[in-house]
Amino acid sequence: MKKLLALAVAGTMAVSLAACGSSASSAPASSEATSEAATSAAESAAESVTETTQGGKVGVCIYKFDDAFMTTYRNALQEILEGKGYEVTIVDGNNDQAKQNEQINTFITQGVDALIINPVMTSAADQIISTVKDADVPTVLINREPTADQMSAYDKLVYVGCDAAQSGTFQGELILDTENGGDINGDGKVSYIMIQGDPENIDAQLRTEYSVKALTDAGVEVEQLDLQRGDWDRNKGQEIAQNDLAKFGDQIEVVFCNNDDMAIGALQAIQAAGRTVNKDIYLVGVDALDAALNEVANGNMTGTVLNDAKGQATQAVACMEDLLGGKTYAAGEQSVYVDYVKVTPDNVKDFQ
């Protein structure tokens, strides 16, 4: 419809331009030349009008607003979408899947042109996909990835995120790159605690698995002292680390955290216990939040892994526009990944 409107407006502009050209010339152009000029002007004007009328209604569902990483992500989405002329509404799921389901239905009733959804629970993906498919709404899922089988049910659906296994691997490599490979006490093994996000979340599962796998793949013996669910929360990260430090003491050589918020909480517990990161204990996170970058720069975190919120937001909008333009995604080709990046004291300034 926008293209037709653009051509109509452009045609009017072109006729006007052609008429002006004839009156200003002492020798009128041939009808064929005039027609060609008008057509060319129409096409150029159509492109211009199409660019200026870009937009539509976009609904964005975020699993919860008080997640530090998703705050950065949603702010980037809003800036990009509004900069392109879209009418954007972003809603907070408050970590409640039933509430998010209602929000999705409300957006559909309101007639949004596209949806961008950060699911509360990946286990709810089937219901979400069924809902948007029935409404024929182009949809981009972000941050929490369903299975390929689930996504194959709808060809106007794409997932944009990062390969969580890569982030876990990078965490393990950050430990391997320390002067003693994580074996601070020299007993031939790396003893660690794992502060996990939400174990139902695939990112939490893969970061937990692959951070340790990076060590074992390198031939390092490991000992898991504890694994606790921290729900991506700073306060819970602090509480878990505090309890484990009281229980295991100097046995703990490495603290793996599935995200930076929990790592910053763990850091508070480490410092309260009189331990010193990079001296008698190592600490790694994921996301490269500003607060974590500052701690890495100050030597209070061993490292983190950049979870590129702006890059993912940019890619999510690009995929959304592809869908709005009529693109569909074949089964098995519905996941688009943005690479993680290791952040260390040596390169942290590049990210601040």
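Not measured: the values here are computed from a predicted model.

Draft legend 1. Region of the structure containing the packing of aromatic side chains. Taken as a whole and judged by the stated rule, the model has 2 aromatic pairs. Arranged with centres 6.0 Å apart and planes meeting at 80 degrees, the rings of F69 and Y73 form a pair that is edge-to-face. Placement of both F69 and Y73 in helix α3 (residues 68-83) is noted, with a separation of 4 residues, approximately one turn of the helix. Assigned by exposure class, F69 and Y73 land together as buried. The side chain of R74 reaches across the aromatic face of F65, ending 3.8 Å from its centre. In this structure, R144 is placed above the aromatic ring of Y63, and the distance from its NZ or CZ to the ring centre is 3.8 Å.

Draft legend 2. Focus on the packing of α3 against helix α12 (residues 309-324). Where α3 contacts α12, the axes come no closer than 8 Å and their chain directions differ by 45 degrees. It follows from the interaxial angle that α3 and α12 lie oblique. Of the two elements, α3 crosses α12, and the hand of that crossing is right-handed. Contacts from F69, T72, Y73, A76, L77, I80 and L81 in α3 reach A309, K310, Q312, A313, T314, A316, V317 and M320 in α12. Taken together, the residues that form the contact of α3 with α12 break down as 11 nonpolar, 3 polar and 1 charged.

Draft legend 3. A look at helix α9 (residues 234-248). Here α9 contains 15 residues, and its C-alpha end-to-end distance of 21 Å stays within 8% of the 21 Å for a straight helix at 1.5 Å per residue. Along α9, the positions that sit buried rather than exposed are G237, I240, A241, D244, L245 and F248. Taken end-on, α9 shows its buried residues confined to a sector of 130 degrees, consistent with a single buried face. What points out from α9, more than 90 degrees from its buried face, is the exposed set N235, A246 and K247.

Draft legend 4. Structural detail: the pattern of salt bridges. This structure, assessed with the given rule, holds 13 salt bridges. Residues E321 and K84 are paired through a salt bridge, measuring 3.4 Å at the closest nitrogen-oxygen approach. Of the two residues, E321 is situated in helix α12 and K84 in the loop between α3 and β2 (87-92); the sequence distance between them amounts to 237 residues. With relative accessibility at 31%, the residue K84 sits in the partly exposed group. Across the pair E223 and K189 runs a salt bridge whose closest N-O atoms are separated by 3.4 Å. Separated by 34 residues along the polypeptide, E223 in strand β7 (residues 221-229) and K189 in strand β6 (residues 189-196) bring together distant segments of the chain. Using a relative accessible area of 25% as the deciding quantity, one classes K189 as partly exposed.

The rules behind the values
- Residues numbered from 1 in each chain as written.
- Predicted model: local features only at pLDDT ≥ 70, side-chain atom pairs only at ≥ 80, totals over all residues.
- Heavy atoms only, no water.
- Phe/Tyr/Trp six-rings, centres within 6.5 Å; stacked < 30°, edge-to-face > 60°.
- Helix = DSSP H or I, 4+ residues; strand = E, 2+ residues; numbered from the N terminus.
- Buried < 20%, exposed > 50% of the residue type's maximum accessible area, 1.4 Å probe, protein only.
- Lys NZ or Arg CZ within 6 Å of the ring centre and 35° of its normal.
- Axes fitted to C-alpha atoms, helices over the stretch in contact; angles between N-to-C directions.
- Parallel < 35°, antiparallel > 145°, perpendicular 65-115°, else oblique.
- Left-handed = near helix turned anticlockwise from the far one by under 90°.
- Contact = heavy atoms within 4.5 Å.
- Nonpolar A, V, L, I, M, F, W, Y, C, P; charged D, E, K, R; others polar.
- Expected span 1.5 Å × (residues − 1).
- Arc of directions from axis to C-beta.
- Salt bridge = Lys/Arg side-chain N within 4 Å of Asp/Glu carboxyl O.

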